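Coordinate inspection notes
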Amino acid sequence: MNLRVFASVRDRRKGFLVAGGAVFPCALGRSGIGTLKREGDGHTPRAELPLRRVLYRADRIGRPLSLLPLRRIAPRDAWCDDRTDRRYNRLIDRPPGEAEERLTREDHLYDVIVELGWNDAPIVRGRGSAIFWHLARPGLTPTAGCVAVERHVFAKVLPRLARRCVMLVR
């Protein structure tokens, strides 16, 4: 089963995630869906995004049921969004407090994350980093460019996804 995501006609920052015959509301980037993605532009990229792996906070939730590769989020895990760094758009080890996209957040947005294959084959600096499918804020407020859903959606959808699943953002 592949996933499809499309924007709402009423608010481009909100949309719908279609999984099989089920449709779930989702949050999109603050600039909606965009074709020409750049670092920090707030667009969710219009693309076919492979689901790479599931990252999760073992200190907050149990091991998710999924056929996708799983990895616990460690306290020093961060995602490099510095376009001048040779590790741009990769999971890195970072001491707490250094400016990167920290995966151990105080809020619950990153309790479960699906890493989406954006700008990773090959990596082009400045084309956008840290495009995830993660948990949504209350009210499905916009993301920085990710796709976000309510917690119950992950519980329903993750166990049904095959290893080669993709998210089609249109």
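1. A short note on the sheet that holds strand β8 (residues 77-79)
- Judged by pairing direction, the sheet is antiparallel, and its three strands sit side by side in the order β9-β8-β10 without closing on themselves. The sheet is open, and its two edges are formed by β9 (91-93) and β10 (101-102), each paired on a single side.
- Direction of pairing for β8 relative to β10: antiparallel, over a ladder of two bridges. From the neighbouring strand, Ala 78 faces β10, where its bridge partner is Arg 102.

2. Some words on the environment of Lys 14
- Topologically, Lys 14 is positioned in strand β2 (residues 14-19).
- The class for Lys 14 is partly exposed, based on a relative accessible area of 32%.
- Sequence separation between Lys 14 and Arg 71 is 57 residues; the distance between their C-alpha atoms is 28 Å.
- Every residue in contact with Lys 14, bar those within four places of it in the chain, is listed here: Ala 7, Ser 8, Cys 26, Leu 28, Gly 139 and Leu 140.

3. Some words on the pattern of salt bridges
- Counting across every chain of the model gives 13 salt bridges.
- Its salt-bridge partner being Arg 52, residue Asp 120 comes within 2.8 Å of it at the nearest N-O pair. Residue Asp 120 is located in the loop between β11 (112-116) and β12 (132-135), and its partner Arg 52 is located in strand β6 (residues 47-56); the two are separated by 68 residues in the primary sequence.
- Among the residues examined, Arg 52 registers a relative accessible area of 34% and is labelled partly exposed.
- Where Arg 87 meets Asp 85, a salt bridge forms, and the shortest distance between an N and an O atom there is 2.9 Å.

4. Some details on the side chain of Asn 119
- Relative to the helices and strands, Asn 119 is located in the loop between β11 and β12.
- The class of Asn 119 is buried, set by a relative accessible area of 5%.
- At a separation of 2.7 Å, a polar atom in the side chain of Asn 119 contacts the main-chain amide nitrogen of Val 124.
- Not counting residues up to four positions away in its chain, the partners in contact with Asn 119 are Tyr 88, Asn 89, Val 124, Arg 127 and Gly 128.

What counts, and at which threshold
- Residues numbered from 1 in each chain as written.
- Predicted model: local features only at pLDDT ≥ 70, side-chain atom pairs only at ≥ 80, totals over all residues.
- Heavy atoms only, no water.
- Pairing = 2+ DSSP bridges.
- Helix = DSSP H or I, 4+ residues; strand = E, 2+ residues; numbered from the N terminus.
- Buried < 20%, exposed > 50% of the residue type's maximum accessible area, 1.4 Å probe, protein only.
- Contact = heavy atoms within 4.5 Å.
- Salt bridge = Lys/Arg side-chain N within 4 Å of Asp/Glu carboxyl O.
- Polar contact = N/O pair within 3.5 Å; in protein donor to acceptor, adjacent residues only side chain to side chain.

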